[in-house]
Amino acid sequence: MTTPHSDSRSTSLLSRRHVLKSCASGFGYLAFAGLAHEAAAARDGGLAPQATHFPARAKRVIFLCMNGGPSHVDLLDYKPSLNQHSGDSSPIGRGRGGAKLLGSPFRFAQRGESGLWMSEVFPELGKQADELCVINSMQTDLPNHSQAFLQMHCGSFQFVRPSVGAWTLYGLGTENTNLPGFVTINPPSDNGGARNYGSGFLPAISQGTRVGTNQIPAFYAALLRKDQEPGPPLKNIENKNLSREQQRAQLDLVRSLNRHKLERDVHHPEIEGAIESFELAFRMQDEVPDVLDLRSEPESIFKLYGVGSGLPTDRFGRQCILARRLAESGVRFIEITAPVGWDHHFLLKDELTKSTLATDRPIAALLTDLKQRGLLHDTLVVWAGEFGRTPYAQSGNGRDHNNKGYSIWMAGGGVKAGLTYGATDEFGYEAVEKPVHIHDWHATILHLLGLDHERLTFNYGGRDFRLTDVYGNVATEILA
Amino acid sequence: MHFDLVGLPPSPDAISEFQKRIESDGIDSALAAETDALLASPQFGERWGRHWLDVARFAESSGKEANISFPYAWRYRDYVIDAVNAALPFDRFLIEQIAGDLLPYDNDADRARLLIATGFLAIGPKNLDEMNPLQFAADVADEQLDTVTRAVMASSVACARCHDHKFDPFSMQDYYALSSLFASTKTYFGTAVSPSNQIGGDPLVLPVGANAPILHPSIGKQRVEQLKTQLASLKKEQQDRIAAAMKARQSGGDAEKKFSIRDALRIFWTSGGIEGQLKKVDESGQALPLAMGVMDRQRIVNSPLLERGEINKPGQRIPRGFPRVFEIANSPRVPFRQSGRLEFARWLTHPDHPLTARVMTNRAWRHLLGAGLVRTMDNFGFNGERPSHPELLDTLAVRFMSDGWSIKKLVREIVLSRTYRQSSAYHEDAFRTDPENRLLWRAAKRRLDAEAIRDAMLVVAGELDTSRPVGSLVGTKIGDRPISLIGLDPNIPADLDGSKHRSVYLPVLRDRLPDVLDLFDFAEPSLVTGDRETTNVPVQALYLMNSSFVQSRATALANRVQREADDHEQRLRHAFVLCFSRAPDAVEIKLAAAFFEAEKGLTDKQYQQLLANYCQALLATAEFRNLD
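Residues numbered from 1 in each chain as written. Chains lettered and ligands numbered in written order. Predicted model: local features only at pLDDT ≥ 70, side-chain atom pairs only at ≥ 80, totals over all residues.

**Considering the interface of chain B and chain A**
Operational definition: We call two residues in contact whenever the C-beta atoms placed from their backbones are within 7 Å. A run of DSSP states H or I qualifies as a helix once it reaches four residues; a run of E qualifies as a strand once it reaches two. Both are numbered from the N-terminal end. Each residue gets one of three labels, nonpolar for Ala, Val, Leu, Ile, Met, Phe, Trp, Tyr, Cys and Pro, charged for Asp, Glu, Lys and Arg, and polar for the others, Gly among them.
Contact residues are listed per partner, giving 45 residues for chain B and 54 residues for chain A. Listed by contribution, the elements that provide at least two residues to the side of chain B that touches chain A are helix 19 (428-433), helix 23 (538-546), helix 26 (586-597), helix 27 (604-620) and helix 28 (622-625) of chain B. The greatest single-element share of the side of chain B that touches chain A, amounting to eight residues, is contributed by helix 23 of chain B. Considering only residue class, the side of chain B that touches chain A consists of 20 nonpolar, 13 polar and 12 charged.

**What to know about helix 26 of chain B**
All names here are of chain B. Filter applied, for reference: Working rule for helices: expected span equals 1.5 Å times residues minus one. Residues are called buried when their C-beta atom has 20 or more other C-beta atoms within 10 Å, exposed when it has 12 or fewer, and partly exposed otherwise; all C-beta atoms are positioned from the backbone. Here, the arc refers to the directions that run from the helix axis to the C-beta atoms.
Over its 12 residues, helix 26 runs 16 Å from end to end, which matches the ideal 16 Å to within 8%, given 1.5 Å per residue. Along helix 26, the positions that sit buried rather than exposed are Val587, Glu588, Leu591, Ala592 and Phe595. Considered in projection along helix 26, the buried side chains sweep an arc of 135° and stay on one side of the axis. Residues of helix 26 that are exposed and point over 90 degrees away from its buried face: Ala586, Ala593 and Glu597.

**Looking at the nonpolar core**
How we decide: For our purposes the nonpolar core covers buried Ala, Val, Leu, Ile, Met, Phe, Trp, Tyr and Cys residues that link as a set through C-beta atoms within 7 Å. Domain ranges listed in this record stem from an automatic or a database domain assignment.
Residues Leu64, Ala323 and Trp409 of chain A together with Met292, Ala575, Cys615 and Leu619 of chain B are the most contacted members of the largest nonpolar core, which totals 276 residues. At 10 residues, the largest contribution of residues to this core is made by helix 11 (residues 269-292) of chain A. Residue contributions to this core reach at least three from each of two domains, namely domain 1 (64-187 + 200-206 + 294-348) and domain 3 (546-627) of chain B. For Met292 of chain B, the residues in contact, after removing those within four places along its chain, are Phe70, Tyr72, Ala73, Tyr76, Gly119, Ala122, Ile123, Tyr188, Phe189, Gly190 and Leu204 of chain B. Within the second largest apolar cluster, nine residues are counted, among which are Ala99, Leu101, Leu102 and Tyr392 of chain A.

**A short note on the pairing of strand 2 (residues 108-111) of chain A**
Residues and elements named next belong to chain A. Heads up, the rule is: When DSSP finds at least two bridges between two strands, those strands are taken to pair.
Note that strand 2 and strand 3 (residues 116-119) share four bridges and pair antiparallel. When the sheet's bridge partners are listed, Gln110 is paired in strand 3 with Trp117. The loop that links strand 2 with its antiparallel partner strand 3 comprises four residues; one of these, Gly112, has a positive phi angle of about 70°.

**Considering unusual backbone geometry**
Residue and element names in this part refer to chain A. Of note, Leu347 is a non-glycine position whose phi angle comes to about 45°, a positive value. Within the element layout of this structure, Leu347 appears in the loop between strand 7 (333-337) and helix 14 (348-372). The phi angle at Lys434 is positive, at roughly 50°, despite the residue not being glycine. With respect to the element layout, Lys434 can be found in the loop between strand 14 (431-433) and strand 15 (436-437).

**Examining the environment of Gln316 of chain B**
Residues and elements named next belong to chain B. Mapped onto the fold, Gln316 is located in strand 6 (residues 314-317). Classification of Gln316 as exposed rests on a count of 9 C-beta atoms within 10 Å. Spatially, the C-alpha atoms of Gln316 and Glu599 are 82 Å apart, while their sequence positions differ by 283 residues. Among all residues touching Gln316, those that are not within four sequence positions of it are Pro304 and Leu305.

Read these as layout, nothing more, since geometry by itself doesn't imply function.
Next up, the structure:
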């Protein structure tokens, strides 16, 4: 078994080519092409489980992505002084030009035995306070959606780089070779689109597979008594014409032709990727329909997650159940982009209430459910948006983007539960205590997965690349 | 080169012709002749028009929450394809799209064409849920400004809506000076008010003399009268109820009982629907030729600068004008009585404008060589990448203008260059130094675009219908309705693909693309897209293995090779030639034979199925969708 280090990995790629070369003619080649897929997958190393650098605290990640920049001062970062000075001219940031500080319209309270400060719009999540590790001192480079969203996923927005999910899969391999190791549910098509789950220069097989964007509006779903997401979230999963054996024979031919082409071209990542993705697609047909079919879930689970026609939690509830099922089946990295917005420039009070209403119960249910199945201790659940929002007002009743300080939380796999880490200034504008930059956060996530962010590298164009570039410090105080 | 210029594979006959020509006239002359033939074919416009449609964020629905279909958007698509084929100079092409309504015209057909061109400004994503009409208008103008500046200048001027641009030299003053041009413009998008559409949009009526095809039915004079009566009675009901409610309020009664929110919405939605129907026909109920587009408003405005971009914080009024960072001598001034879009278009296409020609040259380069000289196609600003070969970009751009802004000449020049003609062969040393091929040491290996993959399957199966369909599925079957509901209509194919026409004519619905486009990285139709992504994921494999579209093509290809080749071995070979434009080598012949040898004593039907499986395998290979 190889460790996920650049040198050994590139050697294994090279040797694969040598194997191909030496077998590439006559019956030797035919025999080689017909090898059973397990053997091929293991040698390819694209998805085979890899040894970690040190013992892992988490085996998988569920990333709850809050696209738009949730307002930390209204959700997790309690600022009594902001409320006291609400309406005063802002002494901070770009708001110094005359914007007014805006106190939070929401009440905060200490929740759980750990006494985490949480907003009233998280009634259900509040019950899970003792599972959460809140970081109140996050920072990212720019207060623009597309750049910050890309940086959150890939570490860099200037260059095309692999996403954190792809690095995770590359570093750890997968536990279930019948499913993609990285699944992203409902990703946005803007803010960098597919780059946010792309593999960059890593092997193509490590990029995220997108599922389930089919939907009809809640209003119609309720009226017609239909699921909000009709039909399977993944199309073409079944072949209506061929038996598995016939299809296997067909795919063996495709694979042999592809390998033959690769042997002629020497370097052609697109073909290497195609070979791997066809094998994966073939195997997926057996397992995916069951994993994606939520009908086998009992009524109690639907109730827990808030799934039901016309309920505001219906869509995200389904997606959270799906995430849990994927986690149970051995998918390494699962991302869900909440189907609600967080970019509250206007009408913060009403709109933020809507967004939290749609997500609070499903998220709390996910934590409860993972715990009752004994999965939470080695599943890292992450809740984050690309930045936070300004303590001063925009449009009178909204807030602008803020990259200098914001909040996220993590739970499960190896994080200190019930902890609040780091702090912003008295108004919540800038991280002043133990700031955690995106690079630090990425380093910490990899650390929890048993990977050293400085050793998880890939050699590309003569240079070893990392998720964290030349930056990143593990936030050791949050490790359990 | 066939794929690059027309998006289709060459036929085996075309290849052998070409080889003969090389032998008789030499490679240079043969290549030049082939290039000219392809540039002259109508398929060139379908391929290169589509590149512009990516940039123009062309789509046939409003996107965002409501996502209502745009039944007349297809006319703009056809306009673009025709303009590229007619070799309309690129500067004129831009002027028509930004200000076609303000240009002089010769006849009704010309006028119709120029109005359809302005569809460029009208087809953008719209938030039809927006309840505040002022906000809606400001958002439409912003989207138009953003699209024009990104598409033409690869600049994000729209960032200056709320604050001076943080990286590039555009101020809020620049933004509001420019946005007034669009605020002085009315956008005709033609979707009626309904429960899912709060914002009605008038359609643009084309001159009847242009004889444009009309896809919606006439309704007859009687029906028109009926609708008018209904509308009048709804209006009267509304007035009466308002009066009654006022009276109730004055006398201390319950006003809501006289005019409830329910009544208000019923009247609003029902009259909206009726007005929508009436706008599609003339007085006698005859269907009118309709399009999307823009025209100047009656009232020309100089918008106020909005503090932080907030609609309720108007500041000082800003005179209309163009971004001041590029001072162009003798550039036209904004007129008093017109929006100024025409002058803006002339400013953009002025030979001294530093960006327009370079941006377009870079776009053409990218489509032929896989990556732009400036790789951030839609961002030439401070945050974009520097060009890899700045002098080359300058030279090509200057020549592009002096050649009369001719896209065909630009394409021809690049295609016949040594750089384009390099092989894609791998060199270990070069790869180690420059893995991204920034220095152009080889031709880029590229995966075909979604459309080319689908079209190529139809071509090799002998099924492609190269004629242009009238309208699109949106114009003919879907009409004007929420996209989220079309899945419930059994008459519309689930993958939105039941056609054998070229893929450029498939319906382009925001957030609901036909499967093949969605899976193979089609340009996001809500964004200006100069550079498509290339992903490689198992859902693509599932499409190639299991979709009914690919299975049908495989069956058709199997039938074709059975028809065109006499014996089994010839058929296997023929399928290869059709799919890859080359004969199989010894290894491939063995692999193909082995695929059939495993099965003994086949019935005819079983043989046909196996042949179809074989053909599908060829369609599914990486070679089929990758260019060397």
